[in-house]
Amino acid sequence: DFISYDLSILTGQASLALRKCSKPVIAMVNGVAAGAGCGIALGADFRIMTEKSCLLTAFSNVALPGDTGCIYHLKQIVGLARTIELMALSAPVYGEEALRLGLATRLAPDGKLAEETHTFAAKLLRRPLGALAMQKQLYYEVFYRDYMAYSRLEAENLARAGASADHREAVTAFLEGRKPQFNQ
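Now for a description of the structure that goes with this document.

Conventions we followed
Per chain, residue numbering runs from 1 following the sequence as it is written. The predicted origin of the model limits local features to residues at a pLDDT of at least 70 and limits the giving and counting of side-chain atom pairs to 80 or more, whereas totals for whole chains, interfaces and linings rest on all residues. The basis for every side-chain value is the complete set of heavy atoms in the structure, and neither hydrogens nor water enter the calculation. Note on conventions: DSSP H or I runs of at least 4 residues are helices, E runs of at least 2 residues are strands, and numbering of each starts at the N terminus. Computation of the radius of gyration draws on C-alpha atoms alone. For the globule rule, the value is 2.2 Å times the number of residues to the power 0.38. Type-normalised accessible area, obtained with a 1.4 Å probe on protein chains alone, sets the label of each residue: buried when under 20%, exposed when over 50%, and partly exposed for intermediate values. Whether two residues are in contact is decided by their heavy atoms, any of which lying within 4.5 Å being enough. Each accessible area value is a Shrake-Rupley result obtained with a 1.4 Å probe; residue values ignore everything except the protein chains displayed when judging cover. His residues and chain termini do not enter the charge count, which takes Lys and Arg as positive and Asp and Glu as negative. Charge placement uses NZ in Lys and CZ in Arg. For Asp and Glu, CG and CD serve respectively. A 3.5 Å cut-off defines polar contacts: any pair of N or O atoms within that distance qualifies, except that in protein one atom must be a possible hydrogen donor and the other a possible acceptor, and neighbouring residues in sequence count only when both atoms are side-chain atoms. Every axis corresponds to a line fitted to the C-alpha atoms, with the helix fit spanning only the stretch in contact, and the corresponding angles, defined between N-to-C directions, vary from 0 to 180 degrees. What sets the label is the angle itself: under 35 degrees gives roughly parallel, over 145 gives roughly antiparallel, 65 to 115 gives roughly perpendicular, and the rest give oblique. Each crossing gets its hand from how the near helix is turned against the far one by less than a right angle, where anticlockwise is left-handed and clockwise is right-handed. Paired strands, as defined in this entry, are two strands with at least two bridges between them according to DSSP. For this analysis, a nonpolar core means a set of buried residues of the types Ala, Val, Leu, Ile, Met, Phe, Trp, Tyr and Cys, connected via side-chain atoms within 4.5 Å.

As for the overall build of the protein
Moving on, step 1. Counting its regular elements, the protein contains nine helices and six strands.
Moving on, step 2. Taking 184 residues into account, the globule formula puts the C-alpha radius of gyration at 16 Å, and the protein, at 17 Å, falls close to it.
Moving on, step 3. For the protein, the proportion of its 184 residues judged to be buried stands at 40%.
Moving on, step 4. Within the protein, counting contacts between residues at least 6 apart in sequence, those at least 24 apart form 68% of the total.
Moving on, step 5. When the accessible area of the protein is evaluated, it comes to approximately 10,100 Å², of which 60% is carbon and sulfur surface.
Moving on, step 6. Measuring between centres, the 20 positive side-chain charges of the protein sit 8 Å from its 18 negative side-chain charges.

Below you can see the structure in the form of structure tokens.
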């Protein structure tokens, strides 16, 4: 099985590293950020998207519970009820809805994503970075206090789901170009 507990812990720590970083972290979402890409984008402090950019949890589509702290980050941003919906249904969240939900910080006009992201970064650079670092420390130490306990359970669940018949069926169905038939 290619989904291991250790690998899942590492991806969870990669996402957490963005939160622990003392500098502001901006994710520029160009196209679709799905699965672990979605979790990494959600781990950033800010997300700049276009109307066509998309965040997609995708995990339930392949019979997995999630990784990269996706559930944890979503719950912090949109609340538990919306997190449950986004994880269970894996519906894509495009620009305008992402902005409305607080998943996107800014929407860039078509063809201006890099420009808008650089403009936003320049604005942050004119702020007192020491104070922003202290804010991030507070966010991490208070609101992410139980992240590692969450990450361990996430890794256990992912490793178990990765070895399941439903996940094997999802991968096989994808490779064969058909819809999966889940049993569990």
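Regarding the environment of Ser15
Moving on, step 1. Checked against the element boundaries, Ser15 lands in helix H1 (residues 5-20).
Moving on, step 2. Counting along the chain gives 153 residues from Ser15 to Arg168, while the straight-line C-alpha distance between them is 26 Å.
Moving on, step 3. Among the polar contacts listed, one links the side chain of Ser15 to the backbone oxygen of Thr68, at a separation of 3.1 Å.

Remarks on the packing of H1 against helix H2 (residues 36-43)
Moving on, step 1. Viewed as axis vectors pointing N to C, H1 and H2 meet at an angle of 15 degrees, and their least axial separation amounts to 8 Å. With respect to their mutual orientation, H1 and H2 come out roughly parallel. Both H1 and H2 take part in a crossing whose hand is right-handed. Note on element contacts: H2 touches H1 through Gly39, Ile40, Leu42 and Gly43, opposite Ala14, Ser15, Leu18 and Arg19.

As for the pairing of strand S3 (residues 46-50)
Moving on, step 1. Along S3, four of the five residues are buried, which leaves the element largely enclosed by surrounding structure.
Moving on, step 2. Sheet analysis places S3 next to strand S6 (residues 106-108), joined by three bridges and oriented parallel. Paired with Thr50 across the bridge in S6 is Ala108.

Description of the nonpolar core
Moving on, step 1. With 25 residues, the main nonpolar core has Leu42, Leu55, Cys70, Leu74 and Leu103 as its most contacted residues.
Moving on, step 2. Discounting chain neighbours no more than four positions away, the residues touching Leu74 are Leu42, Thr57, Gly79, Thr83, Leu86, Met87 and Leu103.
Moving on, step 3. By size, the runner-up hydrophobic cluster in this structure holds six residues, among which are Ile48, Ala108, Leu124 and Leu132.

Considering the environment of Gly31
Moving on, step 1. You can see Gly31 is positioned in the loop between strand S1 (26-28) and strand S2 (32-34).
Moving on, step 2. Linking Gly31 and Ala165, residues 134 residues apart in sequence, is a C-alpha distance of 31 Å.
Moving on, step 3. Not counting the four nearest positions on each side in its chain, Gly31 is found in contact with Lys52, Ser53 and Cys54.

Let's talk about the sheet that holds S3
Moving on, step 1. Spatial ordering of the open sheet is given by S1-S3-S6, a layout of three strands whose pairing is parallel. Among the strands making up the open sheet, the edge pair consists of S1 and S6. With direction set aside, neighbouring strand axes in the sheet form an average angle of 25 degrees.
Moving on, step 2. Contacts from helix H6 (residues 113-125) reach S1, S3 and S6 within the one sheet, and its direction differs from that of S3 by about 155 degrees.

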